[in-house]
Amino acid sequence: KHVITSTRYVGLEFGIHGFKPYRTTDVYDRRFGDCKDKASLLKVMLGEAGIKSHLVLVRTRDQGTIGNTPASLSAFNHAITYVPSLDLYLDGTAEFSGPEELPTGDQGATVLIVRDGDGAELRTIPTSKPIDNSQTIRQTIVLAADGAAKVQHDLTVTGAGAAGWRSILQSADNRKERLTNAWGGQFPGLVVADIQAPTLGDVLQPVKLRSSWQVPSWAQAQGPGLRFPALGYRTGLTRQIAGQAKREHDLVMAAPSIEDSSLEYQLPKGWSVAQAPADKSIDTPLASFTMRVEHKGDRAQVTTHIEYRKSRFTPAEYRALRDFLSQVDGSLDQVFEIRPER
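Here's a quick rundown of the structure.

Calculation rules
- Residues numbered from 1 in each chain as written.
- Predicted model: local features only at pLDDT ≥ 70, side-chain atom pairs only at ≥ 80, totals over all residues.
- Heavy atoms only, no water.
- Pairing = 2+ DSSP bridges.
- Helix = DSSP H or I, 4+ residues; strand = E, 2+ residues; numbered from the N terminus.
- Axes fitted to C-alpha atoms, helices over the stretch in contact; angles between N-to-C directions.
- Expected span 1.5 Å × (residues − 1).
- Buried < 20%, exposed > 50% of the residue type's maximum accessible area, 1.4 Å probe, protein only.
- 1 Å grid on protein atoms, 1.4 Å probe; cavity = no way out; pocket = protein on both sides within 12 Å on 5 of 7 lines; lining within 4 Å.
- Points joined across faces, edges and corners; volume = space filled by probe spheres on them.
- Nonpolar A, V, L, I, M, F, W, Y, C, P; charged D, E, K, R; others polar.

A separate point is the sheet that holds strand S17 (residues 280-283). Taken in spatial order, the eight strands make up an open sheet running S10-S11-S9-S8-S15-S19-S18-S17, and their pairing is mixed. Taken across any chain shown, the strands that pair with only one partner, and hence form the sheet edges, are strand S10 (191-196) and S17. With strand direction ignored, the average angle separating the axes of adjacent strands in the sheet is 10°. Relative to strand S11 (residues 207-215), S10 is paired through five bridges, and the arrangement is antiparallel. In the strand pairing of S11, Ile-195 is matched with Ser-211.

The first and last C-alpha atoms of helix H3 (residues 35-48) sit 20 Å apart over 14 residues, in line with the 20 Å expected at 1.5 Å per residue. Burial in H3 covers these residues: Cys-35, Lys-36, Asp-37, Lys-38, Ala-39, Ser-40, Leu-41, Leu-42 and Leu-46.

On inspection of all chains with the given rule, the structure shows one cavity of 30 Å³ or more. Residue lining of the largest cavity: Val-10, Leu-12, Tyr-22, Val-27, Arg-30, Phe-32, Gly-33 and Asp-37, and that is the complete set. For the lining of the largest cavity, the secondary structure elements donating two or more residues are helix H2 (24-30) and strand S2 (32-33). Of the residues belonging to the lining of the largest cavity, the class tally is five nonpolar, one polar and two charged.

Written as structure tokens, this is what we have:
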């Protein structure tokens, strides 16, 4: 935590320092350094705490893989630290990532672990598991007879996606504006009334956000009643993730992940559900999806679970992924129809 928050990333790579880190005492005193400086500082500080670690040269995932030969430092463009006792890679430059939230650019990357006085080892950093990267949304939606809604929105993010939320919401002054931009495309006219972010400044904790919304048109008029999609908006996952009909090269997503949502609807007084979305379950080697819908009287609940089991999909797998996403969109685009009771 000290290395990522108390030393800024600045690269002064003059002469030999294009390859050789500055002395860690200088980096600590200056409070800045490039990736190899910060990785070296982290290594030394861990050593002072009695934890053995190694400097790691990284060829980030976007640069592609390399072979064992010929040997060359020029193949590597980054440096991090490895703790063998925990099999844990730590990136000292990722200022918004916790110790178990390795950036996706490092995951799947080719690395050279440099052991002091004992050679080196070429490896590939493993990709995290879906359970390591989760996003959980809990919403309570109070609907009015004109289709407007008051929403209590709770978001919890763990893993690789947490850094992005910490980054865009770090300033309390513009959190409302940025959260409005993040969700406003799905809910036109969205007004964020309040935000609570108790863990946002601590990279050792999951991101937790609680916000209150006003949405002027959650539901649309349909005869004597209202109608709205299961999640309040049309998802468009196929367009976002797999917009092309086919691919010649692999599709690479950030990381395997899980997305859970739970929405509790409170209908206008005296209203009930006339039509509800149907339950759905899809299970494939690439991804899985479940949706459950329950309703009684003036209450309704929707729970969904999406798991992406891989981050890289070959052209042969792409068609199956696209079919999966199309089925998910079809399920989530189903609508509720609600009407006043006579």
